[in-house]
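# Examining the three-dimensional arrangement
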Amino acid sequence: MRIEAAVSRDASPYPVIETLELESPRAGEVLVRIVASGICHTDLRVHSGRGPGTPRPVVLGHEGAGIVEEVGAGVTSLVRGDHVVLSGSSCGVCPSCARNFPSYCQEMLPRNFGGSRMDGTTALSQKGERIFGQFFGQSSFARYAIASERTAVKVPPDAPLELLGPLGCGILTGAGAVINSLAVRAGATLAVFGTGGVGLAAVMAARLVGAVRIIAVDVRPERLALARELGATDTIDAAAGDAGQAVRKLTGYGVDFSLNTTPVPQVFTQALDCLTMRGTAAFVTSPVGEWQPAMFAMLAGGRKLQGVLGGDAAPQFFIPLLVDYHRQGRFPLERLIRFYPFADIARAFRDMEHGETIKPVLQME
Ligand SMILES: [Zn+2]
Ligand SMILES: [Zn+2]
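### What to know about the overall build of the protein chain
Scanning the protein chain for helices and strands turns up twelve helices and 18 strands. Taken against the 2.2 N^0.38 rule, which gives 21 Å for 365 residues, the C-alpha radius of gyration of the protein chain at 20 Å falls within 12% of a compact globule. Taken over the C-alpha atoms alone, the protein chain extends approximately 65 × 40 × 35 Å along its principal axes. Counting every position in the protein chain, which comprises 365 residues, the buried fraction comes to 57%. A separation threshold of at least 6 residues defines the contact pool for the protein chain, and within that pool the share at least 24 residues apart is 67%. Accessible surface, the protein chain as shown: approximately 14800 Å² in total, 54% of it carbon and sulfur.

Now the structure itself:
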């Protein structure tokens, strides 16, 4: 079928909408009519060539939500008409997948960033020229996408599909880091560095689980104000001095947990510095440039540094859970989102780059 999709090519500063051909779903795959797709910083990074070697031309997008239009042979858990949120691709059989930690699938990089299926084929083409896709098992900057059955997570038909795409990556990451990776519980203290989509999802999740102090750190006053509305008990202006010391000052002995959502090396230092004894500093992206953790402080304080991908979540369980919390009004995801028509993808990219929009969501219909 012919579809419209936003293609990332070498010369273009933003993805450009073009007409492509999309294959029918193969065995184990579904065709999804994309209703809306979030944009994540990983899309920006890969578009600008800073990703882990994704080939071009490619269709990016990995926070798609839509409706199943057609199912391939052997698909048993989905039927035409199902509402789905698309999450990452994983093999289903390696030790991480078997333990239900698909974000650490042994094939994570080729499956999500490789630009094709594992057999090297791609579902997209243009006048016979191969267009790479299968980005996070979906390539959702398009009106239609092919996803594997494992990637598509069924959600209730009365849930607001246009809001739910970001549950596939950014929101899953922030909420999962708090609920799964750090297992923050009632009475715990947490500092969140960076209040973008991931950080604010973490703040909302920390309120959900009953953390007693939720300290949001950022340089943007309007984001800190929003963090307060979403559950932060304290906020720190990171431009006003050393935020790690400011967290210690607020709490006396430091916090049990920190979550760093930024790639800034100094913030990695602050996120470790602000921990109490035996605290854990989680991070979701690696530092740009050189960074050395203070090993003696980690040793002498029994402190841990913990990498987190995909919020340590099993999307088939965790996404419907977040939909439930949202439906109850306990996880007000819509506060982070600004909608853009699909045709305005360049503006949405620009607004995210400049920090004007926390979570842009493209509406395909
Ligand atoms: Zn696997
Ligand atoms: Zn993402």
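Once the structure has been displayed, the description carries forward.
### Section: the nonpolar core
Leu164, Leu167, Ile319, Phe331, Leu333 and Leu336 are the most contacted members of the largest nonpolar core, which has 53 residues in total. Top element by residues in this core is helix 6 (residues 197-209). It accounts for eight residues. In contact with Leu164, not counting residues within four places along its chain, are Ala65, Val85, Val155, Ala159, Val323 and Leu333. Counting 44 residues, the second-largest nonpolar core is a separate cluster that includes Leu86, Phe135, Phe136 and Ala142.

### Some remarks on the coordination of the zinc ion (ligand 2)
Coordination of the zinc ion (ligand 2) by the protein comes from Cys40 (SG), His62 (NE2) and Cys169 (SG), over a distance range of 2.1 to 2.2 Å. Taken in sequence order, the residues that donate to the zinc ion (ligand 2) follow the motif C-x21-H-x106-C. Of the two residues, Cys40 is situated in the loop between strand 3 (29-38) and helix 1 (41-47) and Cys169 in the loop between helix 4 (161-164) and helix 5 (170-181); the sequence distance between them amounts to 129 residues. When sorted by exposure, Cys40 lands in the same class as Cys169, which is buried.

### Points about the pattern of salt bridges
Scanning the model with the defined rule gives 20 salt bridges in all. One salt bridge connects Asp82 with Lys154, and the closest N-O pair in it is separated by 3.6 Å. In this pair, Asp82 sits in the loop between strand 5 (63-71) and strand 6 (83-86) while Lys154 sits in strand 10 (residues 152-155), placing the two residues 72 residues apart along the sequence. On the basis of relative accessibility, which here comes to 10%, the residue Asp82 falls in the buried class. Through salt bridges with shared partners, a single network forms among Glu23, Arg26, Glu29, Arg117 and Asp119.

### Section: the coordination of the zinc ion (ligand 1)
Distances from the zinc ion (ligand 1) to its protein donors, namely Cys91 (SG), Cys94 (SG), Cys97 (SG) and Cys105 (SG), fall within the range 2.3 to 2.4 Å. Note that the zinc ion (ligand 1) binds four donor atoms; their angles at the metal cover 103 to 116°, and the shape is tetrahedral. We note that the donor set of the zinc ion (ligand 1) lies within a single chain, spaced as C-x2-C-x2-C-x7-C. For Cys91, a relative accessible area of 18% translates into the label buried. In this structure Cys97 comes out as buried when scored by relative accessible area, which is 7%.

### Comments concerning helix 12 (residues 345-353)
For helix 12, the full list of buried residues reads Ile345, Ala348, Phe349, Asp351 and Met352. On an axial view of helix 12, the arc spanned by its buried residues comes to 165°, and they lie on one face. Buried-residue contacts for helix 12 involve strand 1 (2-8), strand 2 (16-22), helix 1, strand 17 (337-341) and strand 18 (359-363). One or two steps after helix 12, the chain reaches Gly355, where phi turns positive at roughly 75°.

### Here's the deal with the sheet that holds strand 4 (residues 58-59)
The strands making up a sheet associate through hydrogen bonds between their backbones, and the pairing can be parallel or antiparallel. Read from one edge to the other, the open sheet built from five strands follows the order 4-1-2-7-8, with strand pairing classed as antiparallel. Unpaired on one side and paired on the other, strand 4 and strand 8 (129-131) mark the two borders of the sheet. Examined bridge by bridge, strand 1 and strand 2 share six bridges and lie antiparallel to one another. Along strand 2, the bridge assignment pairs Glu4 with Thr19.

### Digging into the environment of Thr233
Mapping Thr233 onto the fold places it in the loop between helix 7 (221-230) and strand 13 (234-237). Put simply, Thr233 and Arg213 are 20 residues apart on the chain and 5.8 Å apart in space, counted from C-alpha to C-alpha. What Thr233 contacts, discounting residues up to four positions off in sequence, is Val212, Arg213, Ile214 and Arg228. There is a polar contact of 2.7 Å between the side chain of Thr233 and the side chain of Asp234.

### With respect to the sheet that holds strand 13
Read from one edge to the other, the open sheet built from six strands follows the order 13-12-11-14-15-16, with strand pairing classed as parallel. Only two strands of the sheet have a single neighbouring strand rather than two, namely strand 13 and strand 16 (304-307). With strand direction ignored, the average angle separating the axes of adjacent strands in the sheet is 20°. With four bridges connecting them, strand 15 (residues 275-283) and strand 16 associate as parallel partners. Opposite Ala281, over in strand 16, you have Leu305 as the bridge partner.

About the criteria used
Residues numbered from 1 in each chain as written. Chains lettered and ligands numbered in written order. Predicted model: local features only at pLDDT ≥ 70, side-chain atom pairs only at ≥ 80, totals over all residues. Heavy atoms only, no water. Helix = DSSP H or I, 4+ residues; strand = E, 2+ residues; numbered from the N terminus. Rg over C-alpha atoms; globule rule 2.2 N^0.38 Å. Buried < 20%, exposed > 50% of the residue type's maximum accessible area, 1.4 Å probe, protein only. Contact = heavy atoms within 4.5 Å. Areas by Shrake-Rupley, 256 points an atom, 1.4 Å probe, with all protein chains shown as cover. Core = buried A, V, L, I, M, F, W, Y, C linked by side-chain atoms within 4.5 Å. Donors = N, O, S within 2.8 Å, 3.2 Å for Na, K, Ca; no water. Salt bridge = Lys/Arg side-chain N within 4 Å of Asp/Glu carboxyl O. Tetrahedral: all angles 85-135°; square planar, octahedral: opposite > 155°, others 65-115°. Arc of directions from axis to C-beta. Pairing = 2+ DSSP bridges. Polar contact = N/O pair within 3.5 Å; in protein donor to acceptor, adjacent residues only side chain to side chain. Axes fitted to C-alpha atoms, helices over the stretch in contact; angles between N-to-C directions.

That's the geometry; what it means functionally is another story.
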